[in-house]
Amino acid sequence: MKILITGGAGFIGSHIADAYLRAGHDVVIADNFGTASEKNVPPRARLHRVDIRDLSLLRRVFEAERPDLVNHHAAIASVAHSLRDPTPTMDTNVMGTLNVAFLSSEFGVRKLLFASTGGVIYGDPPRLDLPVSESYPRNPLSPYALSKVLAEDIIKFYASRGGFSFLVFRYANVYGPRQNPKGEAGVIAIFSELMREETRPTIFGDGSKTRDYVYVDDIVSANLLALERGENEVLNIGLGKEITDDRVFQLVADEIEYKGNPNYAPFREGENLRISLDASRAEKILGWKPKISLEEGVRRTLRVKS
Ligand SMILES: NC(=O)c1ccc[n+]([C@@H]2O[C@H](COP(=O)([O-])OP(=O)(O)OC[C@H]3O[C@@H](n4cnc5c(N)ncnc54)[C@H](O)[C@@H]3O)[C@@H](O)[C@H]2O)c1
């Protein structure tokens, strides 16, 4: 199958590209290298340096490649960045998605997979409601979360009119090798880089804020299963566990043998206090189950210097 991966040179997209190639698919990557690295691009993938905000340039890629399936991962993926300056996030994540969905319908793409967020799309559900399922109301607290709400709806709109089927993944916090430690998302990559430099990492809040985490190989397996299964579904992908910032700090510190303590800084507005995702629907629809615990995933991540 010919698969176009937007954002395929980024952290998650490049792991998916590797797996699709290993499975024998023809892989095309569209990326503007905003946060990507050349070394992430698998040599056997065809690369188009293109900005998804540019409809006419992106149309040339669809014209040249005529993909059977589009896997849309390109985005600006930072809550903090979106709070400081919402325009780039909205341009890329909303208008870029509009272009991808519009062209998918124009060029007869069979299926569109989309990387949304379960980490921040539900806002701050009370602890009693956790882990949340996909029917829980969306409640964006940041422009980034709002951009994913709008992008999901754009995809559903074009799928219903344009003849392709869709699968929206709402990922928990994804981590693993190749995650950018210089970014503002990806706390395991950020903490480990700082600890290795003997610089004290900062935790925003008092350490009790929680996130659900999922190792990148488990994300890859969901994206492989989605090539064959699941039509017009929204699926949470996570372990269903609330993990505190303090726990993540300790896991990384133990692995690196870092003896220091974190700095605690004020909680950042626009970030949610807690989340965990019920991924039982992904098991029912795709047969997906996470295989890597957080402890094992942290070990694997830190063994490979990204
Ligand atoms: N990492 C996570 O924890 C997480 C959680 C939920 C959802 N997601 C989503 O998964 C996707 C991939 O995230 P990631 O963590 O790999 O981040 P990443 O920054 O490594 O990947 C994003 C990719 O998109 C590319 N890109 C950005 N703007 C572009 C544009 N205008 N045109 C073309 N390419 C562009 C970047 O160069 C990069 O390669 C994003 O859509 C993100 O919102 C990530």
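Placed above this text is the structure.
What counts as what
- Residues numbered from 1 in each chain as written.
- Predicted model: local features only at pLDDT ≥ 70, side-chain atom pairs only at ≥ 80, totals over all residues.
- Heavy atoms only, no water.
- Core = buried A, V, L, I, M, F, W, Y, C linked by side-chain atoms within 4.5 Å.
- Buried < 20%, exposed > 50% of the residue type's maximum accessible area, 1.4 Å probe, protein only.
- Helix = DSSP H or I, 4+ residues; strand = E, 2+ residues; numbered from the N terminus.
- Contact = heavy atoms within 4.5 Å.
- Lys, Arg positive; Asp, Glu negative; His and termini not counted.
- Salt bridge = Lys/Arg side-chain N within 4 Å of Asp/Glu carboxyl O.
- Polar contact = N/O pair within 3.5 Å; in protein donor to acceptor, adjacent residues only side chain to side chain.
- Phe/Tyr/Trp six-rings, centres within 6.5 Å; stacked < 30°, edge-to-face > 60°.
- Near = heavy atom within 4 Å.
- Areas by Shrake-Rupley, 256 points an atom, 1.4 Å probe, with all protein chains shown as cover.
- Pairing = 2+ DSSP bridges.
- Axes fitted to C-alpha atoms, helices over the stretch in contact; angles between N-to-C directions.

Counting 44 residues, the largest nonpolar core has Tyr-20, Val-27, Phe-169, Tyr-171, Val-174, Ile-237 and Trp-288 as the members making the most contacts within it. For this core, the secondary-structure elements that each account for two or more residues are β1 (2-6), α1 (11-22), β2 (26-31), β5 (111-117), β6 (165-171), α7 (216-225), β11 (233-237) and α9 (280-286). With 7 residues, α1 is the single largest residue contributor to this core. Once you skip the residues sitting within four places of it in the chain, Ile-237 turns out to touch Phe-169, Arg-170, Tyr-171, Ala-172, Val-214, Ile-219, Ala-222, Leu-277, Ala-279, Ala-282 and Trp-288. With 28 residues, the next largest nonpolar core counts Ile-52, Phe-62, Ala-101 and Leu-103 among its residues.

Right, let's get into the side chain of Lys-111. Within the secondary structure, Lys-111 sits in strand β5. Although buried, Lys-111 forms no salt bridge, and the nearest oppositely charged side chain, Glu-231, lies 4.2 Å from it. Polar contacts involving the side chain of Lys-111 include one to the main-chain carbonyl oxygen of Ala-226, which spans 2.6 Å. Polar contacts involving the side chain of Lys-111 include one to the main-chain carbonyl oxygen of Arg-229, which spans 2.9 Å. Other than its neighbours up to four places away in sequence, Lys-111 contacts Asp-68, Leu-69, Val-70, Phe-164, Ser-165, Leu-167, Ala-226, Arg-229, Gly-230 and Glu-231.

Glancing now at the packing of aromatic side chains. Here a ring pair, both rings aromatic, is described through the centre-centre distance and the interplanar angle of the planes. One pass over the structure, following the stated rule, counts 9 aromatic pairs. Measuring from centroid to centroid gives 6.3 Å for Tyr-122 and Tyr-136, while their planes differ by 75 degrees, and the two rings are edge-to-face. Placement of Tyr-122 in the loop between β5 and α5 (143-162) and of Tyr-136 in the loop between β5 and α5 is noted, with a sequence separation of 14 residues between them. Accessibility expressed as a relative area gives 1% for Tyr-122, which makes it buried. A relative accessible area of 21% places Tyr-136 in the partly exposed class.

We now examine the site of the ligand. Taken together, 30 residues lie around the ligand, and Asp-31, Thr-35, Asp-51, Tyr-144 and Val-174 are the ones closest in. Backbone polar atom of Gly-10 to an oxygen atom of the ligand: 3.1 Å apart, as the coordinates give it. One nitrogen or oxygen atom from the main chain of Val-174 is found 2.8 Å from an oxygen atom belonging to the ligand. In isolation the ligand exposes 810 Å². Once the protein is present, 92% of that is buried. Looking at the shell around the ligand, the elements with two or more residues in it are α1, β5, α5 and β7 (173-175). The element that contributes the greatest number of residues to the shell around the ligand is β5, accounting for 3 residues.

Moving on to unusual backbone geometry. Comment: phi is negative for the bulk of residues other than glycine, and the bulk of peptide bonds are trans. Here the residue pair Leu-130 and Pro-131 is connected by a cis peptide bond, since its omega of -5 degrees sits within 30 degrees of zero. For Pro-131, the position within the fold is in the loop between β5 and α5. Although it is not a glycine, Phe-33 sits at a positive phi angle of roughly 60 degrees. You can see Phe-33 is positioned in the loop between β2 and β3 (46-49).

Another aspect to go through is the sheet that holds strand β4 (residues 69-72). Strand order across the open sheet formed by 7 strands is β3-β2-β1-β4-β5-β6-β11, with parallel pairing between neighbours. At either end of the open sheet lies a strand with only one pairing partner, and these are β3 and β11. On average, each strand axis in the sheet is inclined to that of its neighbour by 20 degrees, with strand direction left out of account. Sheet analysis places β5 next to β6, joined by 7 bridges and oriented parallel. Paired with Phe-114 across the strands is Val-168, a residue of β6. Here α5 sits on the sheet and contacts β5, β6 and β11; the angle it forms with β5, its principal contact strand, is near 160 degrees. Contacting β4, β5, β6 and β11, α7 crosses the sheet at an angle of about 165 degrees to β6.

Everything listed here is a matter of coordinates, which is why it stays silent on function.
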